[in-house]
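# Per-entry structural report
Spelled out from the first residue to the last, the chains are:
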Amino acid sequence: MSSSATLTTAHLPRLQAELAKWREGQPRTLTFATPSEDITSRLGTKTGERRGKDVIVAFRTRPPLDHEAEQKFGVSHPDPEVATDYTAPGDVEGQPKFEFCSGIEAASAEPGVFVAHVPGMKRSGPTLTHKKFDSDVAFGPDISNDEVYQRTVIANDIIPLALASGTACVLAYGQTGTGKTHTMEALEYRIARDLFVAAKKVGEELLEAERKAASGLPLDCETDVFGFSVTFLELLGKRVVDLLEPVDDLPVDDQGIPVRREITITEDANGDVRPRVNSRNTETAEQLHELIISALSYRRVSATARNIASSRSHAMLNIRIKNKLMPFAQEGQLILVDLAGSERYEDFKAHDKKRMLESRENNNSLMHLKECVRAKAKMAQEDGFVHIPWRANKLTMLLKPIFDVESRQPSKTIIIAHVSPHIQDSAHSVNILSYASPFKTSLPKPQGPAPYNPADPRTWNHDQTVEWLTKQFTKAARARQVQAYKLKEREAAKKSKKLPPFDASSPVTLAVDVGKLCPEGMTARNFGAIYFIDFVQRCLEAGKVGGDITPTVVKSISGDVIGELTHMILVAKTKLRRDIMKSRNTIAAKDTYGDSPWSVNIPGTDIRKPEPGTPGYEMFIRYTPAQYLVAAQRRKALWDERITEAVMKNDASQAGKDKDSVKLETVLQLMCEFYLDDANSTTATPAASE
């Protein structure tokens, strides 16, 4: 069984000897695979295609502090009933009272491997077990904050992703007192420093693409391409407050911290989780950094057995990024979360009731977060059924942008799991690493070409991709033609003139040269891996600007095209999930209510559907359920009258037909009449059901 911190300290000399013997047989530690210089050069460049994984796992341990082992794990007397090789402080001249013994070893930096040395106890005495945990990258105690920033935020294109209308998230998780806040404050400072530099570079590239596309035409655009707004929330147990709320005239608690109003966390009508909080606009790195420092000064901390200034809450910084050149694009988000420390019973057994409740709520929210991150990592590897329970907790609700399976925005999440360097904390370190290590996934293995499916862009080859793009840009050009014709028609009507009918076969000018946009070898799968602003920039470079086709028109149309393509890929990826959910809902409804009338009756009527092979079935399947419903709703009074009249006429003539057959024949006749009239007025024809 595992050993307590007190027993581990008592048997420290023997454990140190065991650890030294283990190290002698280990290979040298593997260093980082990528040089730092190669990573630094990526800042401020566009991402192009999406690289890497959606969930990245990093491990980190800090160096021990001076006299930390003595202060945290010091014992005045060993247990007299336990035979140990304990040497009382001061028995050996010059020997420190309590020596540090490492409980974590970084066996490999990239890919990351941490080895936890877990002390145990048997009849024969203390034992030492070595457990390995894998991650994408691992940072030992000698790694600086700058190196951590380079190999997490920069190496995974977190800033360019947020600038490209994506969602990027960094989570710091671990035991209290392991350096989470130290890491996150360092990352926040560096992100504030580099975000505006990267935005300026990317903005200049976008402006240059517009200038080239305009070919001398005047441009109506701003120098500052991106706008930034910041929110900062604190989650303390089940209570959420706004750290940017003005503190003037607010009451204070016993710690002198302002008591802020509680924020309600709910979904709006559009399914977005956007609490009503103060949002501050920032224009410089200095403003952003000052805002972060000011908000963090109000974050709640308390002394615990493990940390004299332990963060008792989750702190969530959300930087929203608006592209002013593309107002129709979704806002990018950069979410930085410093999670409250995870605590075991030994850590909080001495707390008062209030602190114990806080610890319980924090651990509960961390477990919900674990389930969501694990499901997200699984979703990135397969197209099957994956449910992410993000509605189960306020913390995960606020992180909906990274957990929503139906979101069109690309997202990446980095989890930095922090563990204590002390061997006395090894049992808790194992829990932390066991929590985070399963999030590490492998990139999907390349597969052969799938059979062509017109509804799944991932199966299209180059020619099919060109054909689809041509249709989309032609459709957009035709829509602009119709809109221009309607404007002219209105102007002519004001002058009592009438224009000739619109010629739907007239040639159109595409806003983009599709051949240039989609060169040989490029497929829809490649376009699906391109970020929004990168696709728009490619369209500007391949645009046919001139006349009424301006750079703004090219941007608007290209945004619609990539949006449609992204939606088709999303629907194809989640098709199996949707089908499973649909079947589950149907089964649940049948178990509760029995067969639905919609499953046996023609939609919008109480008339039973014909069975395959019976008279009228071939005519019946010409129309979709939606078409039956539309026709029945629009001609409700007429339908009821005609059906009643037909039944009465059948009864009077004594023709021998049953009422259901008469009703079916009448409905099918009414459907023909309805869609014939509709076709004459809108040129629409009924679509055959699948």
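Remember, predicted model here, so these are calculated numbers, not experimental data. (Residues numbered from 1 in each chain as written. Predicted model: local features only at pLDDT ≥ 70, side-chain atom pairs only at ≥ 80, totals over all residues. Heavy atoms only, no water.)

Glancing now at the overall build of the protein chain. In terms of regular secondary structure, the protein chain is built from 24 helices and 14 strands. Across the 690 residues in the protein chain, those meeting the buried criterion constitute 47%. Of all intrachain contacts in the protein chain linking residues separated by at least 6 positions in sequence, the fraction that spans at least 24 positions is 74%. Counting every atom, the protein chain has about 35700 Å² of accessible surface; 51% of that belongs to carbon and sulfur. (Helix = DSSP H or I, 4+ residues; strand = E, 2+ residues; numbered from the N terminus. Buried < 20%, exposed > 50% of the residue type's maximum accessible area, 1.4 Å probe, protein only. Contact = heavy atoms within 4.5 Å. Areas by Shrake-Rupley, 256 points an atom, 1.4 Å probe, with all protein chains shown as cover.)

Taken as a whole and assessed by the stated rule, the structure comprises 16 salt bridges. In this structure, Asp548 and Arg480 form a salt bridge, with 3.6 Å as the shortest nitrogen-oxygen distance. With a gap of 68 residues between them, Asp548 in the loop between α17 (532–541) and α18 (551–573) and Arg480 in helix α14 (residues 462–494) connect regions that are remote in the sequence. Judged by relative accessible area, Asp548 falls into the exposed class, the value being 53%. A relative accessible area of 27% places Arg480 in the partly exposed class. One salt-bridge network, held together by shared partners, links Glu267, Arg391, Lys400 and Asp404. (Salt bridge = Lys/Arg side-chain N within 4 Å of Asp/Glu carboxyl O.)

Pairing in this open sheet of three strands is antiparallel, and the strands run β2-β3-β4 from one edge to the other. The open sheet terminates on both sides in strands that have one partner only, identified here as β2 (104–108) and β4 (125–135). Across the sheet, the mean angle from the axis of one strand to that of its neighbour is 30°, orientation sign disregarded. In this structure, β2 lies alongside strand β3 (residues 112–122), joined through four bridges in antiparallel fashion. Opposite Glu105, over in β3, you have Val115 as the bridge partner. Its contacts with the sheet put helix α13 (residues 426–436) on β2, β3 and β4, and the angle it makes with β3 is roughly 140°. (Pairing = 2+ DSSP bridges. Axes fitted to C-alpha atoms, helices over the stretch in contact; angles between N-to-C directions.)

Moving on, we get to the environment of Ala572. Residue position: Ala572 is located in helix α18. The exposure class of Ala572 is buried, given its relative accessible area of 16%. Those residues in contact with Ala572 that lie beyond four places of it in its chain are Ala455, Asp456 and Arg458.

As a further point, take unusual backbone geometry. A cis amide bond, omega -5°, links Glu110 with the succeeding residue Pro111. By the secondary structure assignment, Pro111 is in the loop between β2 and β3. The backbone of Ser496 sits at a positive phi, close to 60°, despite the residue not being glycine. Mapped onto the elements, Ser496 comes out in the loop between α14 and α15 (514–517).

What follows concerns the packing of α14 against α18. Where α14 contacts α18, the two axes come as close as 11 Å, and the packing angle between them is 135°. Here α14 is positioned oblique relative to α18, judged by the angle of their axes. Pair α14 / α18 crosses with right-handed handedness. Contact residues: Trp468, Leu469, Gln472, Phe473, Ala476 and Arg480 in α14; Val553, Ile557, Val561, Glu564, Leu565 and Met568 in α18. Residue composition of the contact of α14 with α18, by class: nine nonpolar, one polar and two charged. (Parallel < 35°, antiparallel > 145°, perpendicular 65-115°, else oblique. Left-handed = near helix turned anticlockwise from the far one by under 90°. Nonpolar A, V, L, I, M, F, W, Y, C, P; charged D, E, K, R; others polar.)

This paragraph deals with the layout of surface pockets. There is about 900 Å³ of room inside the second largest pocket. Around the second largest pocket, the lining comprises 33 residues; the ones closest to its centre are Asp272, Val273, Arg274, Gln333 and Pro401. Every element with two or more residues in the lining of the second largest pocket is listed here: β7 (226–236), β12 (314–323) and α12 (400–403). Tallied by class, the residues present in the lining of the second largest pocket amount to twelve nonpolar, eleven polar and ten charged. (1 Å grid on protein atoms, 1.4 Å probe; cavity = no way out; pocket = protein on both sides within 12 Å on 5 of 7 lines; lining within 4 Å. Points joined across faces, edges and corners; volume = space filled by probe spheres on them.)

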